[in-house]
Amino acid sequence: VIMAAVVAAVDEHGDLMRMAISSPGNDFRLGACEAPPAIVSTYLGDDMTFYLEHFKDGKGKGEYVPGVKTLDLGTREVLPLQVPAEDRNRTSPFPYGGSRFEFRAVGSAQNVSMVNTCLNTMVAEKFKEFADRIDAGENAVDIAREALNKHWRVIYNGDNYCEEAQEELTNRGIWRIDSGVEAIHTLTSEKNVKLFEKMGVLTKEECEAREAVLHDHYTGTVEMEALSLVDMINQHIIPSCKKSGVGNVSDLESAVKTIKDAMAGIHGAETSYAKAQLARVLRLETMVDIRAVCDAIEEVVPASDWTLATYKELLFLDSHMDAPATEEIYED
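No experiment lies behind these values; they were computed from the predicted model shown.

## Some details on helix α1 (residues 2–12)
Part 1 of the reasoning: Across the 11 residues that make up α1, a large majority, 9, are buried.
Part 2 of the reasoning: If you check which residues of α1 are buried, you get M3, A4, A5, V6, V7, A8, A9, V10 and D11.
Part 3 of the reasoning: Where the residues of α1 are buried, they touch α2 (14–20), α4 (45–56), β4 (94–95), α5 (113–135) and α6 (140–151).

See below:
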């Protein structure tokens, strides 16, 4: 019954889950960097899926007994361990790990208060719905079976990175919001405001305020990154081009103007939502194109004239430092 409520909540309120993990960093990260895509499905594992499938079809009876496997580290100091047999499926945004769900799409720098607020509210609403129907005389098993049959589409145990699978999940009608800015905007949708007010968590005005704060944070983060890129171009890349006599300086100067014009457009927008929409275009389109210009120039400027750290220097810092070796002092 509990699993049915969770599955139903994920299917109905996947937009809220996507909203809760929206950030400028996650717009880059989701779908890559060992992060799941922005399609909100849940992984239950073969054992749990088999059990629930038979349960919803009226074929299975009895309690669920999770499978286990032996983990042998091959050392005398640590005896073999019994661990859950299920994999956590690192490509799933919301996998079941044997005794709990793991929301794997949350960014590492995020405050999880909104994440937990959304998860607790949407699952609590389903618990309340089930409890009210049971109190009214309905059978708990029938309610759970109905919920599983209705929301079974949100369960996916395969590879979420697979493009064919992503297309399949999208065609199922599962929540997919690629833009973090648009995901944040769903916080004030009629469905979600009604949910928060019904559960006594947030009012409409509080939802609107939080949306504005999240959009302003998105825009502010992009602005800092854009201004940093302008400084890098003006203080490092253009001087390196002029010193070495290679590269098209006019392209770089044009890039700086493009960024400044985009920032002016953002500042002139009337709402936090409109500002965030323009900021996303600046970050994921305009700045990406400008980065390609800078990368092309880096390829032709001599290393002795390039003043920014290269990937090689960052990855192998120990072999690119001029500091003398640390003197070893031995005491008697």
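## Some details on the packing of aromatic side chains
Part 1 of the reasoning: Tallying each qualifying case throughout the model produces 4 aromatic pairs.
Part 2 of the reasoning: Between F94 and F101, the ring centres sit 4.8 Å apart and the planes meet at 5°, which makes this aromatic pair stacked.
Part 3 of the reasoning: When its relative accessible area of 7% is taken as the criterion, F94 is described as buried.
Part 4 of the reasoning: A relative accessible area of 22% means that F101 is categorised as partly exposed.
Part 5 of the reasoning: Judged by centre distance (5.2 Å) and plane angle (55°), the rings of Y96 and F101 are tilted.
Part 6 of the reasoning: Three or more aromatic residues joined by ring pairs make a cluster, and in this case those are F94, Y96, F101 and F103.
Part 7 of the reasoning: Its guanidinium or amino end placed over the ring of W152, K56 lies 4.9 Å from that ring's centre, counting from NZ or CZ.

## Looking at the confidence of the model for the protein
Part 1 of the reasoning: Of the residues in the protein, 96% reach a pLDDT of 70 or more, and the chain-wide mean stands at 91.
Part 2 of the reasoning: Helix α9 (residues 190–198) holds the highest mean pLDDT among the elements of the protein, 98, whereas strand β3 (residues 81–84) holds the lowest, 79.

## Some words on the pattern of salt bridges
Pairs can form between side chains of opposite charge whenever their charged atoms are close.
Part 1 of the reasoning: The full count for this structure, using the stated rule, is 18 salt bridges.
Part 2 of the reasoning: Among the ionic pairs, D132 bridges to K128, the shortest N-O distance being 2.9 Å. Separated by 4 residues within a single helix, D132 and K128 lie in helix α5, roughly one turn from each other.
Part 3 of the reasoning: Salt-bridge contacts for D261 lead to K257; the nearest nitrogen and oxygen are separated by 2.8 Å. Taken together, the positions of D261 and K257, both in helix α11 (residues 249–268) and 4 residues apart, correspond to about one turn of that helix.
Part 4 of the reasoning: Under the relative-accessibility criterion, D261 is labelled partly exposed at 44%.
Part 5 of the reasoning: When salt bridges with common partners are traced through the structure, they connect E12, K126 and E129 into a single cluster.

## Comments concerning the packing of α5 against α6
The geometry of a pair of packed helices is captured by two quantities: the angle between their axes and the separation between those axes.
Part 1 of the reasoning: Between α5 and α6, the shortest axis-to-axis distance is 9 Å and the interhelical angle comes to 140°. When the interaxial angle is binned, α5 and α6 end up oblique. In the crossing of α5 with α6, the sense of the turn from one axis to the other is right-handed. Contact residues: F130, R133 and I134 in α5; A140, I143, E146 and A147 in α6.
Part 2 of the reasoning: A class-by-class count of the residues in the contact of α5 with α6 yields 5 nonpolar, no polar and 2 charged.

## Comments concerning the side chain of S179
Part 1 of the reasoning: Tracing the backbone through its elements, the reader meets S179 in the loop between α7 (163–172) and α8 (180–185).
Part 2 of the reasoning: Side-chain polar atoms of S179 contact the backbone nitrogen of V181, separated by 3.3 Å.
Part 3 of the reasoning: Here S179 is in contact with R18, D27 and R280, once residues within four sequence places are set aside.

Procedures and definitions
- Residues numbered from 1 in each chain as written.
- Predicted model: local features only at pLDDT ≥ 70, side-chain atom pairs only at ≥ 80, totals over all residues.
- Heavy atoms only, no water.
- Buried < 20%, exposed > 50% of the residue type's maximum accessible area, 1.4 Å probe, protein only.
- Helix = DSSP H or I, 4+ residues; strand = E, 2+ residues; numbered from the N terminus.
- Contact = heavy atoms within 4.5 Å.
- Phe/Tyr/Trp six-rings, centres within 6.5 Å; stacked < 30°, edge-to-face > 60°.
- Lys NZ or Arg CZ within 6 Å of the ring centre and 35° of its normal.
- pLDDT = per-residue confidence, 0-100.
- Salt bridge = Lys/Arg side-chain N within 4 Å of Asp/Glu carboxyl O.
- Axes fitted to C-alpha atoms, helices over the stretch in contact; angles between N-to-C directions.
- Parallel < 35°, antiparallel > 145°, perpendicular 65-115°, else oblique.
- Left-handed = near helix turned anticlockwise from the far one by under 90°.
- Nonpolar A, V, L, I, M, F, W, Y, C, P; charged D, E, K, R; others polar.
- Polar contact = N/O pair within 3.5 Å; in protein donor to acceptor, adjacent residues only side chain to side chain.

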